[in-house]
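The lines below spell out each chain.
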Amino acid sequence: MDKKIRSLQYGELEKLLEGIERPGRYVGNEAGISSKGPGWLADMGRGVLVCLAFPDIYEVGMPNLGLQILYDIINGYPCFSAERAYAPWIDFEERLRRTKTALFSLENRIFLDSFDLIGFSLQHELLYTNTLNMLDIGGIEVISGKRGPDAPLVCAGGPAVVNPGPMSRFMDFMVVGDGEEIIIELLKLLQKHKYGDGNKGAFLKDIAKLDGVYVPSEYRFFFYNDGKIKKIEPPLKVKKAVIKDLDSFRIVTRPVIPGIKTVHDRYEVEIMRGCPRGCRFCQAGYIYRPVRKRKAEKLVEQSIEGLANTGYEEISFLSLSASDYSELDSLLKGILEEMKGKNLSISLPSLRLDSFSIGIAELINQGRRPGLTFAPEAGSQRMRDIIKKNITERQIMECIDIAFGSGWEKIKLYFMIGLPGEKEEDILEIAELIKRIAWRARKAMPRSKLKRFYINVSINVFIPKPFTPFQWTAQDAPERFEEKIHLILKNISARYINISWSNPDISRIECALSRGDIRMGKAIEDAWKKGARFDNWNELFNRDAWIDSFKINKIPVEFFTSRKYDTGEILPWDIVDIGIKKRIFLAGYNKALELINIDSQIK
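Thresholds, definitions, all that
Throughout this document, residue positions are counted from 1 along each chain, in the order its sequence is written. Confidence filtering applies because this is a predicted model: local features only for residues at pLDDT of at least 70, side-chain atom pairs given and counted only at 80 or more, and all residues used for totals across whole chains, interfaces and linings. Side-chain descriptors were evaluated using all non-hydrogen atoms of the structure, hydrogens and water having been removed beforehand. Strands here mean DSSP runs of E at least two residues long; helices mean DSSP runs of H or I at least four residues long; both are numbered from the N terminus. Within these notes, the globule rule equals 2.2 Å times the number of residues to the 0.38 power, and the radius of gyration is based on C-alpha atoms. Residue burial is assigned from relative accessible area. The probe radius is 1.4 Å, only protein chains are included, and a residue is buried under 20% of its type maximum, exposed over 50%, and partly exposed in between. Residue contacts are counted whenever heavy atoms from the two residues lie within 4.5 Å of one another. Surface accessibility in these figures is a Shrake-Rupley result with a 1.4 Å probe; residues are shielded only by whichever protein chains are displayed. Charge convention: Lys and Arg are scored as positive, Asp and Glu as negative, and His as well as the terminal groups of each chain are ignored. Here the site of a charge means atom NZ of a Lys, CZ of an Arg, CG of an Asp or CD of a Glu. By convention, a stacked pair of Phe, Tyr or Trp rings (six-membered ring in the case of Trp) has centres within 6.5 Å and planes under 30 degrees apart, an edge-to-face pair has planes over 60 apart, and any other such pair is tilted. Only when the NZ atom of a Lys or the CZ atom of an Arg is both within 6 Å of the ring centre and within 35 degrees of the ring normal do we say a charge sits over the ring. As used here, the term nonpolar core means buried Ala, Val, Leu, Ile, Met, Phe, Trp, Tyr and Cys residues forming a set that is joined through side-chain atoms within 4.5 Å. Where each domain begins and ends is defined by an automated method or by a domain database. Joining two parts hides part of their accessible area as seen by a 1.4 Å probe, and the buried area is that hidden amount summed over both. One side-chain nitrogen of Lys or Arg within 4 Å of one carboxyl oxygen of Asp or Glu is enough to make a salt bridge. Any pair of N or O atoms that falls within 3.5 Å is considered a polar contact. Within protein, one atom must be able to donate a hydrogen and the other to accept it, and sequence-neighbouring residues count only if both atoms are side-chain atoms. Residues are grouped as follows: nonpolar covers Ala, Val, Leu, Ile, Met, Phe, Trp, Tyr, Cys and Pro; charged covers Asp, Glu, Lys and Arg; every other residue, Gly included, is treated as polar. Pairing between strands is defined by DSSP: at least two bridges between them are needed. When the strands point away from the viewer and the path from the first strand over the helix to the second turns clockwise, the crossover is right-handed. Here an angle of 0 to 180 degrees is reported between the N-to-C directions of two axes, which are lines fitted to C-alpha atoms, with helices fitted over the stretch in contact. In this scheme, roughly parallel covers angles under 35 degrees and roughly antiparallel covers those over 145, while 65 to 115 is roughly perpendicular and the rest are oblique. Whether a crossing is left-handed or right-handed is set by the direction in which the near helix is turned from the far one by less than a right angle, anticlockwise for left-handed and clockwise for right-handed. Each helix should span, by expectation, one fewer than its residue count multiplied by 1.5 Å.

> For this particular structure, what's the right way to read the overall build of the protein chain?
Each helix and strand counted, the protein chain has 21 helices and 19 strands in total. In terms of C-alpha radius of gyration, the protein chain reaches 24 Å, essentially the compact-globule figure of 25 Å for 603 residues. Taking the principal axes of the C-alpha coordinates as reference, the protein chain spans close to 70 × 65 × 45 Å. Within the protein chain, buried positions represent 59% of all 603 residues. Taking the intrachain contacts of the protein chain between residues at least 6 apart in sequence as the baseline, contacts between residues at least 24 apart amount to 77%. When the accessible surface of the protein chain is split by element, carbon and sulfur atoms take 49% of a total near 25000 Å². Each charge sign in the protein chain was given a centre, from 89 positive and 81 negative side chains, and these centres are 2 Å apart.

> Would you explain the packing of aromatic side chains in this entry?
The geometry of an aromatic ring pair comes down to the distance between the two centres and the angle between the two planes. According to the stated counting rule, one finds 18 aromatic pairs in the structure shown. With 6.3 Å between their ring centres and 20 degrees between their planes, tyrosine 565 and tryptophan 573 make a pair best called stacked. Its relative accessible area of 0% is what places tryptophan 573 among the buried residues. Three or more aromatic residues joined by ring pairs make a cluster, and in this case those are Tyr26, Phe92 and Phe104. Here arginine 84 stacks its cationic end above the ring of tyrosine 71, 5.6 Å away from the centre of that ring. Its guanidinium or amino end placed over the ring of phenylalanine 559, arginine 563 lies 4.1 Å from that ring's centre, counting from NZ or CZ.

> Would you mind showing me how to read the nonpolar core here?
Generally speaking, a soluble globular protein has its nonpolar side chains buried in company with each other. The biggest cluster of nonpolar side chains holds 98 residues, and the ones touching the most others in it are Phe120, Leu122, Met167, Met520, Ile524, Trp546 and Phe550. When residues of this core are assigned to domains, at least three map to each of domain 1 (10-219) and domain 2 (266-368). Non-local contacts of tryptophan 546, meaning those with residues more than four positions away in its chain, are made with Thr129, Ile509, Leu513, Ala523, Ile524, Ala527, Ala532, Asp535 and Phe541. Counting residues in hydrophobic clusters, the runner-up holds 63 residues, among them Phe317, Ile335, Ile455 and Ile488.

> Please clarify how the domain arrangement of the protein chain should be interpreted in this entry.
Split into domains, the protein chain comes out as domain 1 (10-219) and domain 2 (266-368). Spacing between the C-alpha centres of domain 1 and domain 2 amounts to 30 Å. The partner domain 2 presents 9 residues to the 6 residues of domain 1 that form the contact. Around 640 Å² of area is buried between domain 1 and domain 2 when both sides are counted, 46% of it from carbon and sulfur atoms. Sorting the residues of domain 1 by area buried against domain 2 places Leu65, Pro159 and Asp178 first, and these three jointly supply 59% of that buried surface. Here domain 1 is connected to domain 2 by 3 salt bridges. Among the ionic pairs, arginine 273 bridges to glutamate 180, the shortest N-O distance being 2.7 Å. Where domain 1 touches domain 2, the interface holds 3 residue pairs in polar contact (both at pLDDT 80 or more). The class makeup of the residues in the side of domain 1 that touches domain 2 is 4 nonpolar, no polar and 2 charged.

> In this structure, what is going on with the pairing of strand β17 (residues 454-461)? I would like to understand it.
Where strand β16 (residues 410-417) meets β17, 8 bridges bridge the pair, whose relative direction is parallel. Bridge pairing in β17 places lysine 410 opposite tyrosine 454. Regarding topology, helix α16 (residues 478-490) serves as the crossover connection from β17 to the parallel strand β18 (residues 497-501), and that connection is right-handed.

> Is there a simple way to think about the sheet that holds strand β4 (residues 153-157) in this case?
By definition, the strands of a sheet pair up through backbone hydrogen bonds, in either a parallel or an antiparallel sense. Judged by pairing direction, the sheet is mixed, and its 6 strands sit side by side in the order β2-β1-β3-β4-β5-β6 without closing on themselves. Of all strands in the sheet, those with a lone pairing partner are β2 (80-86) and β6 (213-214), marking the two edges. When strand β3 (residues 117-121) meets β4, the two strands line up parallel, connected through 5 bridges. What sits directly across from glycine 119, in β4, is cysteine 155. Contacting β1 (48-54), β2, β3 and β4, helix α6 (residues 128-137) crosses the sheet at an angle of about 155 degrees to β3.

> Is there a simple way to explain the packing of α16 against helix α17 (residues 504-514) in this structure?
Interhelical geometry of α16 versus α17 gives an angle of 135 degrees and a closest axis separation of 9 Å. Our classification of the angle between α16 and α17 gives oblique. Once α16 is placed against α17, the crossing between them reads as right-handed. Where α16 approaches α17, its residues Pro478, Phe481, Glu482 and Ile485 are matched on the opposing element by Pro504, Asp505 and Arg508. For the contact of α16 with α17, the residue count by class is 4 nonpolar, no polar and 3 charged.

> Any chance you could explain the side chain of aspartate 535 here in plain terms?
Locating aspartate 535 in the fold gives a position in the loop between α18 (520-529) and α19 (543-552). For the buried aspartate 535, no salt bridge exists, and the shortest N-O distance to an oppositely charged side chain is 7.9 Å, to arginine 533. A polar contact of 2.5 Å, which involves the side chain of aspartate 535, links it to the side chain of threonine 129. One polar contact links aspartate 535 to tryptophan 546, side chain to side chain, over a distance of 3.0 Å. Not counting chain neighbours up to four residues away, the residues in contact with aspartate 535 comprise Leu126, Thr129, Ile506, Phe541 and Trp546.

> So what exactly am I meant to see when it comes to the sheet that holds strand β10 (residues 267-270) here?
Reading across the sheet, the 3 strands line up as β10-β13-β14 and stay open at both edges, with parallel pairing between neighbours. For this open sheet the edge positions go to β10 and β14 (345-347), each flanked by a neighbour on one side alone. On average, each strand axis in the sheet is inclined to that of its neighbour by 20 degrees, with strand direction left out of account. Here strand β13 (residues 314-318) runs beside β14; their pairing, made up of 3 bridges, is parallel. Along β14, the bridge assignment pairs glutamate 314 with serine 345.

> Can you help me understand the pairing of strand β15 (residues 372-377) in this one?
Working note: regular strand, side chains alternate between the two faces of the sheet. Counting buried positions along β15 gives 5 out of 6 residues, so the element sits mostly inside the fold. For β15 and β16, the ladder comprises 4 bridges, and the chain directions are parallel. If you follow leucine 372 over to β16, its bridge partner there is isoleucine 411.

> How should I be thinking about the environment of glutamate 233 in this particular structure?
Within the secondary structure layout, glutamate 233 lies in strand β8 (residues 229-233). Residues glutamate 233 and phenylalanine 222, 11 residues apart in the sequence, show an inter-C-alpha distance of 8.3 Å. Residues in contact with glutamate 233, not counting those within four places in the same chain, are Glu218, Tyr219, Arg220 and Phe222. Separated by 3.0 Å, the side chains of glutamate 233 and lysine 231 make a polar contact.

> When you look at helix α14 (residues 393-405) in this model, what are you seeing that I'm missing?
Residues three or four positions apart in an α-helix share a direction because the helix packs 3.6 residues into each turn. Taking 1.5 Å of rise per residue, the 13 residues of α14 would be expected to cover 18 Å, and the 18 Å separating its terminal C-alpha atoms lies within 8% of that figure. All of the buried residues in α14 are Ile396, Met397, Cys399, Ile400, Ile402, Ala403 and Phe404. Just beyond α14, the residue with positive phi is glycine 407, at close to 115 degrees.

Laid out in structure tokens, this is it:
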């Protein structure tokens, strides 16, 4: 498995970047780089070289905290070195292909096929074609079974791989769950085999014994004539990798600081992993369980260190539900006390409407105030009960009073359409709730600030995701979503309310990929060959490529989208054990159906 490392010379890079949009995406050399230098590469000894690949552009991938965490951990070991690669934008891809230049890493400009391991971060399903594209530009065979013995091992992790089926065709292995501990176990085994027998097959058999590791070549799927799964062999589940104590790993206090402006240019700190709420549509709320919290005292100390190292003036405390973090008051007070007089801005991007308090508002108010983000999800109390979004309109309005009475001028609201049991009146209630929120906010604001008042509303298409109580439900057809969005727009006209919405056609493909099985791999490959890439970008989404690829492979999209799954059938993701029994999801699903049926009887 040992091989010569090839890299791009800086003079060659300069020529490649002539006339390219935003060349800063590809030059690297940022502050905070911790990968090993040319001297280490020239004399690796027993070294292992890893490429952490994010299949979207630099500006989107750089703020990803998971990648920063793995980069920090790997480079903390003397025998391991991690470098980064991001998806090239359209113009640079064309330049690379025309000049027959392989995709390379940022740090030492090493070509992808020179690495020992390439690990992709799959944050959502619409990154799948970009993943194939990066492999292909990097000179690596996209299908795992066709790669030669000298090719890098290719793996993936992230939320999307809780259903590993669709990308199994392309990955040597996948990592399900927390990566902090498992990554070093994997690299130590890779080191052993690289400088031992050099046998990839033996390595894969070794790692298949570890919690969190799924090796596609170890499993076989059998299907009925109607397309449903008959059985999976062997009947062994992959147990999710879990770290019990977040504080056993320090937060990243020396992150790589982007060389150009990114979508979130601030210092990011995870305060809690998992969510206690259990909203029935929310995949993240289940797959990141159990709930684990960092201690505020350590967070304050390490966050101050990180702010000093980076020079950032904004810190974002991340979790699925920041206001459910039990030590939030202590954390905010500690940070503000240490940063007194330094104009620090604090961002809490995942606040709950029923737990945003005057205390939190007053603490955040001591610094600069970014916009607040809340997610009512549904307009009617009926729908909020069905999806287990346990907030009332009274709580929503009390939150609005607190926020806008405390000096906020902007707010972002998230809603979802196409939820199980939804009726036209529920859609109309979204528009009415937005108008009531706007009226309440303007009433709470000082008159001098009314001109700056603004509401951004994001309408998202419901996608039934694996490992949620709604995993069995059907998705609405795109035309139904279009009708619902039009109904909302028709009933809101205020100039200070801006509404955006997800593309129903894109959401349909995401649903198919999310609930698909191993047969989906060929469709992904064919869609990519037909030009699909950057599928989550509206202006680049290639609907025809996807529709054609499904037809060619005789995969009816409806089978994975608008079909209601039987609660007794084997699901593609049943191969994974995330630590929650299926009966728990089924109980939540049945409770939602009960609420829908009760409402129908009352009507």
